[in-house]
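Observations on the three-dimensional arrangement
The lines below spell out each chain.
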Amino acid sequence: MAYPQYHQNHVPNGPNKTKVVVVMVPFPAQGHLNQLLHLCRLIMAYNIPIHYACTATHNRQAMLRVHGWDPNSVSNNIYFHDLKIPPFLSPPPNPNTPNKFPSHLQPLFNASLHLRDPMAELLRQLSSKATRIIVINDSMMASVVQDMGTIPNAESYTFHSVSAFAFFLYLWESMGKTKPLETKSKIIIPKDLPSHEDCFTNEFLSFVGSQYEFQKLSSGCLYNTCRIIEGAYMDLMEKLENKKQWAIGPFNPDWSRRNQLVTSKTIENAVKTLMASKEGDEMRKRTVDLGGAVRGSMDNGGVSRLELNSFITHITRLEMPVDTQESFPCSNILEGEELEGDHIIHLESSDACNEWRDNLAREMFDHWRASMHES
């Protein structure tokens, strides 16, 4: 595929200020690059200029590997900024490592933190050309945009590339699973969750923890999810984070049983259950109903479209013709349906929430390190 044409390192000129511009700051890994590029496409539909800022290599990678839409359809409203980072080691992947995490990319992740200075310079340039600068940064790049706080007409929003449930679970586990929780709908913590022991290295967990402290500077969070699926967890995150949360996805599928070899017998049994049983009939109906609802969520009037409208209204400070916060379904749990798992039945807010949030980065890292050592 030919490398798409794009506007590079361009800052608008002229006496008239643009009202609002959005600056996307992705984490330099494909799954993160792709999601924020998709978000660019959604926001461009509102005629808002987008500035996508990363290294030259990763800007090129994002465009060449994008899927789901034609990169050559990118309009004149997106500008790519090739920022520089110092040289770093690039070791080959180790196929024999016991941990499945791509640890050979850690030097790149560490080097990406040097984007702070060129990012600050870009934001200062844009701040003189626009009334308001909206920074949407990957949660793993929070420290890179920390100087945004010195720019009076800039504000930032954290994009989480994972589901609301995944991020909620990280926070809840860091609290020792002891804090009582409550939402308008039933909360289910599934049993036998896949282990995280082989997901991350200690070095990467330390990296994650170092970024969490800077996420406090953001004005809200965007999630790769849909309220039809995770409305209850979105409600919980608003209470735990005490800031606005928007569900504007999903952008990509979830995954499970990553370390298990699926046998032909397992497949045969699953197909029999799905196709030749009452349980299978119910599963198929629920799948069709849920799939249709999720696909329709980005249509006009759909829940994710309303969430996106709400976010655009917020960052542009414009009035919308409808109340976008009313009548959101909170989950896909059907009335009268019983699900297995521990039910969380109430939430009591207190000053303790603020205390644990201040030290959360360290607690997350200590928790993961202890669990890996125990294994």
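Residues numbered from 1 in each chain as written. Predicted model: local features only at pLDDT ≥ 70, side-chain atom pairs only at ≥ 80, totals over all residues. Heavy atoms only, no water.

A few words now on the packing of aromatic side chains. For the structure on display, the rule yields 15 aromatic pairs. An aromatic cluster of three or more residues is present, and its members are Phe 27, Phe 101, Phe 109, Phe 200, Phe 204 and Phe 207. (Phe/Tyr/Trp six-rings, centres within 6.5 Å; stacked < 30°, edge-to-face > 60°.)

Once that is clear, we can look at the nonpolar core. In terms of nonpolar packing, the biggest core is built from 31 residues, with Met 24, Leu 39, Ile 43, Ile 136 and Phe 311 touching the most fellow members. Elements with a minimum of two residues in this core: strand 2 (18-25), helix 1 (30-44), strand 3 (50-55), helix 2 (56-65), strand 4 (78-83), strand 5 (130-138), strand 6 (154-160) and helix 10 (303-316). Residue contributions to this core peak at eight residues, all from helix 1. What Ile 136 contacts, discounting residues up to four positions off in sequence, is Val 22, Val 23, Met 24, Val 25, Leu 36, Leu 39, Ile 43, Tyr 157, Phe 159, Leu 222 and Phe 311. (Core = buried A, V, L, I, M, F, W, Y, C linked by side-chain atoms within 4.5 Å. Buried < 20%, exposed > 50% of the residue type's maximum accessible area, 1.4 Å probe, protein only. Helix = DSSP H or I, 4+ residues; strand = E, 2+ residues; numbered from the N terminus. Contact = heavy atoms within 4.5 Å.)

Take the packing of helix 1 against helix 2 next. Contact geometry for helix 1 and helix 2: axes closest at 9 Å, N-to-C directions at 70°. Classified by the interaxial angle, the pair formed by helix 1 and helix 2 is roughly perpendicular. For the pair helix 1 and helix 2, contact is made by Gln 30, Leu 33, Asn 34 and Leu 37 and by His 58, Gln 61, Ala 62, Met 63 and Arg 65, respectively. In the contact of helix 1 with helix 2, the residues fall into four nonpolar, four polar and one charged. (Axes fitted to C-alpha atoms, helices over the stretch in contact; angles between N-to-C directions. Parallel < 35°, antiparallel > 145°, perpendicular 65-115°, else oblique. Nonpolar A, V, L, I, M, F, W, Y, C, P; charged D, E, K, R; others polar.)

Taking burial as the measure, the eleven residues of helix 5 (residues 164-174) include eleven buried ones, the bulk of the element. Of all the positions in helix 5, only Ala 164, Phe 165, Ala 166, Phe 167, Phe 168, Leu 169, Tyr 170, Leu 171, Trp 172, Glu 173 and Ser 174 are classed as buried.

Turning our attention to the confidence of the model for the protein chain. Residues at a pLDDT of 70 or more form 60% of the protein chain, whose mean pLDDT is 76. Every residue in residues 1-5 scores below 50 in pLDDT, and together they form twelve contacts with partners more than four places removed in sequence or on other chains. This stretch, residues 255-259, has a pLDDT under 50; its non-local contacts, to residues over four places away or in other chains, come to seven contacts. (pLDDT = per-residue confidence, 0-100.)

Glancing now at helix 2. Looking only at helix 2, the buried set comprises His 58, Asn 59, Gln 61, Ala 62 and Met 63. At its buried positions, helix 2 is contacted by helix 1, strand 3, strand 4 and helix 3 (106-112).

Within the element layout of this structure, Asn 94 appears in the loop between strand 4 and helix 3. You can call Asn 94 partly exposed: its relative accessible area is 46%. Distance from Asn 94 to His 104, taken between C-alpha atoms, is 7.5 Å for residues ten residues apart in sequence. Looking at Asn 94, its side chain comes within polar contact range of the main-chain nitrogen of Asn 96, at 3.0 Å. (Polar contact = N/O pair within 3.5 Å; in protein donor to acceptor, adjacent residues only side chain to side chain.)

On to the pairing of strand 4. Buried residues dominate strand 4, accounting for six of its six residues. Here strand 4 shows a buried face lined by Ile 78, Phe 80 and Asp 82 and a second buried face lined by Tyr 79, His 81 and Leu 83.

Counting buried residues along strand 6, seven of its seven residues qualify, which places the element largely inside the surrounding structure. Burial along strand 6 is two-sided: the residues Ala 154, Ser 156, Thr 158 and His 160 and Glu 155, Tyr 157 and Phe 159 are all buried. Here strand 5 runs beside strand 6; their pairing, made up of six bridges, is parallel. Across the sheet, the residue bridging to Asp 138 is Phe 159, located in strand 6. Pairing between strand 6 and strand 8 (residues 220-223): three bridges, direction parallel. Across the sheet, residue Thr 158 finds its bridge partner in strand 8, namely Cys 221. (Pairing = 2+ DSSP bridges.)

Next up on the list: unusual backbone geometry. Even without being a glycine, Asn 47 presents a positive backbone phi close to 60°. Mapped onto the secondary structure, Asn 47 falls in the loop between helix 1 and strand 3. Non-glycine residue Asn 242 carries a positive phi angle of around 55°. Looking at the secondary structure, you find Asn 242 in the loop between helix 7 (227-241) and strand 9 (244-247).

What follows concerns the packing of helix 5 against helix 7. Viewed as axis vectors pointing N to C, helix 5 and helix 7 meet at an angle of 40°, and their least axial separation amounts to 9 Å. With respect to helix 7, the element helix 5 is oriented oblique. Considering only the axes of helix 5 and helix 7, their crossing is left-handed. Contacts between helix 5 and helix 7 involve Ala 164, Phe 165, Phe 167, Phe 168 and Leu 171 from the former and Glu 230, Tyr 233, Met 234, Leu 236, Met 237, Leu 240 and Glu 241 from the latter. (Left-handed = near helix turned anticlockwise from the far one by under 90°.)

Within this structure, the stated rule accounts for seven salt bridges. The residue Arg 116 makes a salt bridge to Asp 147 at a minimum N-O spacing of 2.7 Å. Residue Arg 116 is located in helix 4 (residues 116-127), and its partner Asp 147 is located in the loop between strand 5 and strand 6; the two are separated by 31 residues in the primary sequence. Here Arg 116 falls in the partly exposed class, since its relative accessible area comes to 32%. Where Glu 238 meets Lys 244, a salt bridge forms, and the shortest distance between an N and an O atom there is 3.5 Å. Residue Glu 238 is classed as partly exposed on the basis of its relative accessible area, which comes to 26%. (Salt bridge = Lys/Arg side-chain N within 4 Å of Asp/Glu carboxyl O.)

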